[in-house]
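Summary of the model geometry
In case you want the letters, here they are:
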Amino acid sequence: MSPDGVKVQLDVRDWETREAFRRVIGSAAGFQVLDPDDYGAVQLLVLEVGEDLEREFRRIEAHLALGEDQEVFLTSARPDPEMLVQALRMGAREFFSQPVKEKEIVDAIERYKERRIESRLVRRQRRRGKIISVLGAKGGVGTTTLAVNLAASLVELDKEKSVALFEMNRVYVEVPLFLDISPNHHWGEIARNLSRLDPTLLMSLMHKHTTGMHVLSSPGNLDEQYAATPEVMEKLLDLMKTLFNYIVVEPGSVMDDVSAKILQMSDVVVLVCILSLPSLANVNRLLKVFFELGYPPENQVKVVVSRFMSKSEISLADAERSINKKVFWKIPNDYRTTLSAINQGKTLAEISKKAPVTREIRRLASVLFEAQQEKEESSPHFLWKLLGRK
Ligand SMILES: Nc1ncnc2c1ncn2[C@@H]1O[C@H](COP(=O)(O)OP(=O)(O)OP(=O)(O)O)[C@@H](O)[C@H]1O
Ligand SMILES: [Mg+2]
């Protein structure tokens, strides 16, 4: 199996359908069919739909969010046009009604190969990294823990993806402590040398952590000589977008024109809070600020409740009512594991891979880009079939 090979997972209940896929895909050069329970990188998911649509759609979303190479093929014994259109909007590529014809699978695999080659070429020419800002609604809610471990989870999800972690905090230097690194450089040097900014200078200022992520640290003081401006931020982030697939940024706690520029350029803003009145009041305040600024768009702001306990005094429903917005994700309360990670300068995965807090951050990383996946312009083949065209 070449490193470029395509791993395929068959989540298909119907025995005959599953075997047809296994035969065709299993014999296609460069493809490997995995066992249903295999964990790890899977590029192509063949999913039978029609039994539990909510779960199946979540599965599609989660799979497509894993990266740009991911694809989903669907099969069903009872295709429903409405369901298929929704699946198409989410990014599913092919549909096979049952009983499936092997020739249709062969053709779909050919189209898949063509798309893969094409998308790699396009990507090589134009890598557009996604910026995820992780913004604390208040101090001490777990923002740095989330930013660091989100970046680490993104690397872990797909080693092919390049990830940068950019600490913009102008007062404290925290990320190097969280990762037990001693970077020799920081973004302040870019602010001073903006005219010299190019990929070589930027990469020389970043520290490559053992996980594979590249860290750009904060100078950690308010010295005027490091004064960042929106112009510095724009140039820096624009350059980072050409070098990395994901850029996780902590814009810091101060809402000024520099943070505003970062938020404006972000693809996703993770707004971290806890279930406390002051924290929720700040979420409200920030959502109002975003509304007044006109960015980031409401659907790009994801409220994440950190240190979540199911028996908290303020329930999730209360919180959602008070901020008038759904909570996107909950990070379980686990003071011991998070503090141990901080004190040892390790990621949560290194401390406890299976802890719920680690798992939820990993899951958050994998679904965050659901709305960000670049939709391919051409309509998927199965829609044309559904509309009766060839
Ligand atoms: N999910 C969690 N459950 C319980 N405690 C947590 C969780 N996440 C972080 N903490 C704890 O909260 C404290 C602050 O964490 P962290 O430094 O990540 O927060 P922060 O919002 O970045 O803080 P600051 O505002 O000081 O920068 C740490 O002691 C950490 O162990
Ligand atoms: Mg912090």
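Scroll up to find the structure this text is about.
Residues numbered from 1 in each chain as written. Chains lettered and ligands numbered in written order. Predicted model: local features only at pLDDT ≥ 70, side-chain atom pairs only at ≥ 80, totals over all residues. Heavy atoms only, no water.

1. Considerations on the overall build of the protein
- When its secondary structure is counted, the protein shows 16 helices and 13 strands.
- In the protein, which comprises 390 residues, the proportion classed as buried is 52%.
- Taking as baseline every contact in the protein between residues at least 6 positions apart, the subset at least 24 positions apart corresponds to 76%.
- When the accessible area of the protein is evaluated, it comes to approximately 19,200 Å², of which 50% is carbon and sulfur surface. (Helix = DSSP H or I, 4+ residues; strand = E, 2+ residues; numbered from the N terminus. Buried < 20%, exposed > 50% of the residue type's maximum accessible area, 1.4 Å probe, protein only. Contact = heavy atoms within 4.5 Å. Areas by Shrake-Rupley, 256 points an atom, 1.4 Å probe, with all protein chains shown as cover.)

2. Considerations on the coordination of the magnesium ion (ligand 2)
- Those protein atoms acting as donors to the magnesium ion (ligand 2) are Thr144 (OG1) and Glu174 (OE), and they sit at 2.0 to 2.1 Å. Within this pair, whereas threonine 144 is found in helix α5 (residues 143-157), its partner glutamate 174 is found in the loop between β7 (163-167) and α6 (175-179), the two being separated by 30 residues in sequence.
- By relative accessible area, which is 6% here, threonine 144 ends up buried.
- The partly exposed category is assigned to glutamate 174, whose relative accessible area is 26%. (Donors = N, O, S within 2.8 Å, 3.2 Å for Na, K, Ca; no water.)

3. Notes on the sheet that holds strand β2 (residues 31-34)
- Read across the sheet, 5 strands follow the order β2-β1-β3-β4-β5 without closing on themselves; strand pairing throughout is parallel. Because the sheet does not close on itself, it has two edges, and the strands there are β2 and β5 (94-97). Ignoring which end each strand starts from, the neighbouring axes of this sheet average 20° apart.
- Alignment of strand β4 (residues 71-76) against β5, held across 4 bridges, turns out to be parallel. (Pairing = 2+ DSSP bridges. Axes fitted to C-alpha atoms, helices over the stretch in contact; angles between N-to-C directions.)

4. Points about the pattern of salt bridges
- This structure, assessed with the given rule, holds 22 salt bridges.
- Notably, a salt bridge pairs glutamate 110 with lysine 113, separated by 3.3 Å at the nearest N-O pair. Of this pair, glutamate 110 and lysine 113 are both found in helix α4 (residues 102-125), 3 residues apart, which corresponds to roughly one turn of the helix.
- For glutamate 110, a relative accessible area of 38% puts it in the partly exposed group.
- A residue is classified by how much of its surface remains accessible, and lysine 113, at 29% relative accessible area, is partly exposed.
- Through salt bridges with shared partners, one network takes in Glu71, Glu94, Arg111 and Arg115. (Salt bridge = Lys/Arg side-chain N within 4 Å of Asp/Glu carboxyl O.)

5. Thoughts on the sheet that holds strand β9 (residues 214-216)
- Pairing is mixed across the open sheet formed by 8 strands, whose spatial order is β8-β9-β7-β10-β6-β11-β12-β13. Every interior strand has two partners, whereas the edge strands, β8 (207-208) and β13 (327-332), have only one.
- Note that β7 and strand β10 (residues 246-250) share 5 bridges and pair parallel. By the bridge assignment, phenylalanine 166 is partnered in β10 with valine 249.
- In the packing of helix α9 (residues 230-243) onto the sheet, the strands contacted are β6 (130-136), β7, β9 and β10, and the crossing angle to β7 comes to about 165°.
- On top of the sheet, helix α10 (residues 257-265) reaches β6, β10 and β11 (268-273); it is set at about 135° to β6, its chief contact.

6. Focus: the pairing of β4
- Most of β4 is tucked away, with 6 of its 6 residues classed as buried.
- Alternating positions in β4 separate into two faces, Glu71, Phe73 and Thr75 on one and Val72, Leu74 and Ser76 on the other, with burial throughout.
- Looking at chain direction, strand β3 (residues 44-48) and β4 are connected through 5 bridges and run parallel. Within the sheet, the bridge partner assigned to leucine 45 lies in β4 and is valine 72.

7. Topic: the site of ligand 1
- Around ligand 1, the structure places 20 residues, and the nearest of them are Gly140, Thr144, Thr145, Arg307 and Asp334.
- At a separation of 2.6 Å, an oxygen atom of ligand 1 approaches a polar side-chain atom of arginine 307.
- One nitrogen or oxygen atom from the main chain of leucine 339 is found 3.3 Å from an oxygen atom belonging to ligand 1.
- For ligand 1, the protein covers 83% of the area, taking 630 Å² as the surface of the free molecule.
- Among the secondary structure elements, those contributing two or more residues to the shell around ligand 1 are α5, β12 (301-308), β13 and α13 (335-344).
- In terms of residue count, α13 provides more of the shell around ligand 1 than any other element does, 4 residues in total.
- Split by residue class, the shell around ligand 1 holds 8 nonpolar, 9 polar and 3 charged. (Near = heavy atom within 4 Å. Polar contact = N/O pair within 3.5 Å; in protein donor to acceptor, adjacent residues only side chain to side chain. Nonpolar A, V, L, I, M, F, W, Y, C, P; charged D, E, K, R; others polar.)

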